[in-house]
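Below are the chains, spelled out letter by letter.
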Amino acid sequence: MGKVAKDTTREKNNVTHPTRDKCSNLDRKSKEVSYYWQGLILILVLTFATRFYRIDEPDHVCWDETHFGKMGSYYINHTFFFDVHPPLGKMLIGLAGKLTGYNGTFPFNKPGDKYGDTNYLGMRIFCVTLGALIIPFAYTITWELTHSLSASILAGFLITFDVGLLTLSQYILLDPILLFFVVGSLLGSVKFGSKFNQPFSFIWWFWLLWTGFFLACSISVKFVGLFVVLLVGLQTIGELWALFGDCSMPIKKIGYHFLARAMCLILLPIIVYVTFFYIHLKVLYKSGPGDGFYSSAFQSQLEGNSLYNASMPRHIAYGAVITLKNHRTGGGYLHSHWHLYPEGVGAKQQQVTAYSHKDENNKWIIKKYDKEPDISQDPVEIIQNGDLIRLEHQVTSRNLHGHRERAPVTRKHFQVTCYGDNGIGDANDVWKIEIEGARDNEKLKTVTSKFRLIHYFVGCAVYSHSKQLPKWGFEQMEVACTPNVLDKNALWNIEDNFHPKLPNVSFKAYAPSFISKFLESHAVMLQGNAGLKPKEGEVTSRPWQWPINYRGQFFSGNEYKIYLLGNPIIWWSNIAFLGLYLILQVTVLIRHQRGCPESDEMIVQNSKLTSASIWLFIGWALHYFPFFAMGRVLYFHHYFPALIFSDLLSAVVIDYVIRNASKLFGSTQNETVFHIAYGLIISTLVYSFYLFSPLSYGIKPSDGISGNSSLSNLKWLESWEF
């Protein structure tokens, strides 16, 4: 009986108590929330302490502030401009400047220009605020993926103490804005995924809508925002596939899940993206430096442009003064100037180029091929399809000329020059008008007629493309004569048309719709982006150099030295942990496939490693490897979106390794080893930040020899240029 009684007592002690278990779970949940908020407060204090320190220095234009500060000014002044990136980042910079008292008058001519009394600080504070918010976002993402306070704090520290991210955040640039929306998109996706057991609840919809909005903003700042769109798209496909495999869920409900994601992650981003462009085109209604990159019809809507509310003849008559614009997207004006082609470049005659800006040197007089015009005496004669003409450059009085000499850049084409004197040349000045899709005797019209200029003897067509001439041609676009007369780049249209005897019509007849302007804006941006080339003396780089921190970028190099360079301890560690992750992940998968025995705790750890890291690795790859296929000029700062994913992945892998390695020392020493390891890592991060922070905060003239000496001691690689 006693034995029985004893067993009964044991059974009573082992009885599950739902109330007690529920309280235990609540306590654990409460502790987790408390740990999360304590860690977040620590991260926020360090973030704002490091990011806002010396934000007003230097008080001159640094690096690309000359571009994006100027573009913010354009928005404040409603002045139209051209840029290869979508408009949101520049609009936000302009809005921040306007709200903080900047009046849009500072010229932002070149790096090093003193701001003086200009209220530039508001725009810097806006950019650094968004750059700072990346860190609590990263902390929260890691927390949602791992529910590990140590991993989350480490993720925040890796970003906080990276001097490269610090430098990139403190100036009037697109990069902190882009990183804010990219990391915000990842945050939304991760938070949405954590609400899988609360489908169609308010919080579920909130994070789904957040994700769609941030995705739209990411691609509205720079086109590389497309990479995070692809990442979230792959995640969404994975989620839907998992739902489809749940046989307990009705197909109808799976359909609702699909429609919700389609609405919030496809339709909403498209609407938001188009809305930003609508605002962009409405705000920039005044003529500016970007006009010439767009079609004549587009320009006719810009207040102050020569075509705005303009009235000019509908048809082209002999003796008219005209400008010709290449009809391809972003095409320039047919242009000439007094300078000659240099020795060894075909005939040493007057240069003919394509120029994207309005200029007096874009004007030509259109004449009969065999007669000089006399507008005061001659009757008006409209030019028709098939007519033979000459084009006299109004400024230099030389005729557009073609011959069989090779073009300077596109050697398979023929050279186009200006030749003659006072409008008198030779037979190689004769060109035939061929209006595309026109009948015989159809009249040549302003703006709407697309036509070719066919050389009468050689049979080639005047052609322009995006390839630039060398410095002797002022890096303007090449004009040549192509034997392929059907080439789309050989199409031109008349933009300006002046003839005193012809009646004028309003240009409102050519007004394009918003959709037409939206599509043309994208064609011009994509073409401009693909054709970007480095400026003289500019430091460029290749993608293989980025992860190894091979070379940085000067932000300010005169009196106040600032150099964009990643914290080498963090960057080189990231490479090691990328490799280590792949080894660990393959090992985990092989052991799982072979059915190797694992403890319950190890199974949980391995599951966390896989679920948390796989998308971070894919995110890093999507933001890095596509650059290898790009033909445009590339810079060091293009790697920073990929760097964020690499930092988060490193935090997860480090946490996994330390947790499992510390178990080798036994239960009594486990915690001690764990904390010592983390203490060493964090101390190393803090000390390396202290060493390299002068690169970000700047070496001032007052620092003198000691400042320059400290920089010399930090030059661990010969390729670092400070």
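About the criteria used
- Residues numbered from 1 in each chain as written.
- Predicted model: local features only at pLDDT ≥ 70, side-chain atom pairs only at ≥ 80, totals over all residues.
- Heavy atoms only, no water.
- Helix = DSSP H or I, 4+ residues; strand = E, 2+ residues; numbered from the N terminus.
- Buried < 20%, exposed > 50% of the residue type's maximum accessible area, 1.4 Å probe, protein only.
- Polar contact = N/O pair within 3.5 Å; in protein donor to acceptor, adjacent residues only side chain to side chain.
- Contact = heavy atoms within 4.5 Å.
- pLDDT = per-residue confidence, 0-100.
- Axes fitted to C-alpha atoms, helices over the stretch in contact; angles between N-to-C directions.
- Parallel < 35°, antiparallel > 145°, perpendicular 65-115°, else oblique.
- Left-handed = near helix turned anticlockwise from the far one by under 90°.
- Nonpolar A, V, L, I, M, F, W, Y, C, P; charged D, E, K, R; others polar.
- Phe/Tyr/Trp six-rings, centres within 6.5 Å; stacked < 30°, edge-to-face > 60°.
- Lys NZ or Arg CZ within 6 Å of the ring centre and 35° of its normal.

**Notes on the side chain of Asn567**
Phase 1: Assignment of secondary structure puts Asn567 in the loop between strand E16 (562-564) and helix H14 (568-594).
Phase 2: By relative accessible area, which is 0% here, Asn567 ends up buried.
Phase 3: Within the structure, the side chain of Asn567 is placed 2.9 Å from the side chain of Ser688, a separation counted as a polar contact.
Phase 4: Among all residues touching Asn567, those that are not within four sequence positions of it are Phe161, Asp162, Val163, Gly164, Asn549, Leu685, Ser688 and Phe689.

**Describing the confidence of the model for the protein chain**
Phase 1: Here the protein chain averages 90 in pLDDT, while 93% of its residues score no lower than 70.
Phase 2: Mean pLDDT across the elements of the protein chain ranges from a minimum in helix H1 (residues 2-13), with 42, to a maximum in helix H9 (residues 202-221), with 98.
Phase 3: Under a pLDDT of 50 for its full length, residues 1-16 has, in the predicted model, 1 contact with residues more than four places off or in other chains.

**Looking at the packing of helix H8 (residues 175-193) against helix H16 (residues 640-662)**
Phase 1: Remark: H8 packs on H16, axes separated minimally by 10 Å, with the N-to-C direction vectors making an angle of 40°. On the basis of their axis angle, the class for H8 and H16 is oblique. The two elements H8 and H16 meet at a crossing, and its hand is right-handed. Facing Leu178, Leu179, Val182, Val183 and Leu186 of H8, the residues of H16 in contact are Phe640, Pro641, Ile644, Phe645 and Leu648.
Phase 2: Its residues assigned to classes, the contact of H8 with H16 comprises 10 nonpolar, no polar and no charged.

**Notes on the environment of Phe277**
Phase 1: Mapping Phe277 onto the fold places it in helix H11 (residues 251-283).
Phase 2: Along the primary structure Phe277 and Ser220 are separated by 57 residues, whereas in three dimensions their C-alpha atoms are 8.6 Å apart.
Phase 3: When sequence neighbours within four positions are dropped, the list of residues in contact with Phe277 reads Pro86, Pro87, Phe514, Phe518, Ser521, His522 and Met525.

**Points about the packing of aromatic side chains**
Phase 1: Here the structure, examined in full by the defined rule, presents 69 aromatic pairs.
Phase 2: Ring centres of Trp63 and Phe555 lie 4.7 Å apart, and the angle between their planes is 25°; on these two criteria the pair is classed as stacked. Of this pair, Trp63 sits in the loop between helix H2 (18-51) and helix H3 (65-77) while Phe555 sits in strand E15 (residues 553-556), and the two are 492 residues apart along the sequence. When sorted by exposure, Trp63 lands in the same class as Phe555, which is buried.
Phase 3: Each ring, one from Tyr581 and one from Phe617, has its centre 5.8 Å from the other, and the planes form 40°; the classification is tilted. Taken together, the positions of Tyr581 in helix H14 and Phe617 in helix H15 (residues 600-624) put the pair 36 residues apart, joining distant regions of the chain. In this structure, Tyr581 and Phe617 share a single accessibility class: buried.
Phase 4: The ring centre of Tyr318 lies 5.7 Å from the NZ or CZ of Lys368, which sits over that ring.

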